[in-house]
Amino acid sequence: GLDDVVADFLADPDCPCERACFGIAGPVEGRRVKVTNLPWVVDADRLEQRFGCDRVTLLNDLEAVAWGVPGLAPDDLKTHNAGSKPDGGGNAALIAAGTGLGEAGLYWDAGRLRPFACEGGHASFSPTTDEEWALRTSLAREHGHVSWERVVSGPGLVAIHDFLVERAGGSIGEPRPRPGESAAAIVAAAADEEPGLARDAVQLFARLYGAEAGNLALKVMAVGGVYVAGGIAPKIIDWLDQGGFMAGFVDKGRMKPLLEAMPVHVILDERIALKGAARRELDD
């Protein structure tokens, strides 16, 4: 659990800790978090008592990233859509695919952005093509409810590739590597191969990533910008540049012009969650 990680960190006598802020991948309920993809329960009161901290704050991990957004420098971003009002105010949105799919919003308040958490990655996946419906049907047999996280995440990329292989009449094969290793292998194969299933998988993944980013942008009216974070986007940035991501992002019928006007950036700073948690703790 997190307690043991903190104990190791604080074992250094030169590292006293009076206050701490943690970004946790799960919904924060009061001062506790049940981590979504790990068998952990993180309790702020227990951490304070065990380690003698004056205050421990728990944030959803994407809320922590969102706190870091206002401090980003131009070199920390790769812009995919400049938008029509890139310097204006207004709400912003944050989406991040990695082990799971995290989402957060930032609302414009008195000249500054204020983050808020959500669990939008667990909302129901909404396919729009025959291929996507077949993917959803395949995943429903295994999971029952099919969320966006089931397709837009590291394990989601693996699931898309497996679906395409089986649909083409191939066999997945055993033993399987871990999902993170599998996703990296698929991205590497897509970069090396001529047109094939790995490339098809990454292209479909990029379009679905853009589609859900566009859904989130509409829900929070993100005229101030959409930020794409997480471990996957920087690794597939060339694929995002090829147009599938933005095609999925703006494919919203009558709302297409609104989405075309929104700036879209990929965050390159790998330490933004740490910086955001620190910024949140110093904000009080």
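Criteria and thresholds
Residues numbered from 1 in each chain as written. Predicted model: local features only at pLDDT ≥ 70, side-chain atom pairs only at ≥ 80, totals over all residues. Heavy atoms only, no water. Salt bridge = Lys/Arg side-chain N within 4 Å of Asp/Glu carboxyl O. Helix = DSSP H or I, 4+ residues; strand = E, 2+ residues; numbered from the N terminus. Buried < 20%, exposed > 50% of the residue type's maximum accessible area, 1.4 Å probe, protein only. Contact = heavy atoms within 4.5 Å. Axes fitted to C-alpha atoms, helices over the stretch in contact; angles between N-to-C directions. Parallel < 35°, antiparallel > 145°, perpendicular 65-115°, else oblique. Nonpolar A, V, L, I, M, F, W, Y, C, P; charged D, E, K, R; others polar.

On to the pattern of salt bridges, then. Tallying each qualifying case throughout the model produces 13 salt bridges. Salt-bridge contacts for K78 lead to D241; the nearest nitrogen and oxygen are separated by 3.2 Å. In this pair, K78 is assigned in strand β6 (residues 77–81) and D241 in helix α8 (residues 237–241), connecting sequence segments 163 residues apart. The exposure class assigned to K78 is partly exposed, which follows from its relative accessible area of 30%. Notably, a salt bridge pairs D269 with K275, separated by 2.8 Å at the nearest N-O pair.

On to the side chain of S147, then. Mapped onto the fold, S147 is located in the loop between α4 (130–143) and α5 (154–167). Aside from chain neighbours lying at most four places away, what touches S147 is G121, H122, A123, S124 and F125.

Attention now moves to the packing of helix α3 (residues 61–68) against helix α11 (residues 272–283). At a closest axis distance of 6 Å, the pairing of α3 and α11 adopts a crossing angle of 80 degrees. Of the possible angle classes, the one that applies to α3 and α11 is roughly perpendicular. Residues A64, V65, W67 and G68 of α3 touch α11, and the partners they reach there are I272, A273, G276, A277, R279, R280 and D283. When its residues are assigned to classes, the contact of α3 with α11 shows six nonpolar, two polar and three charged.

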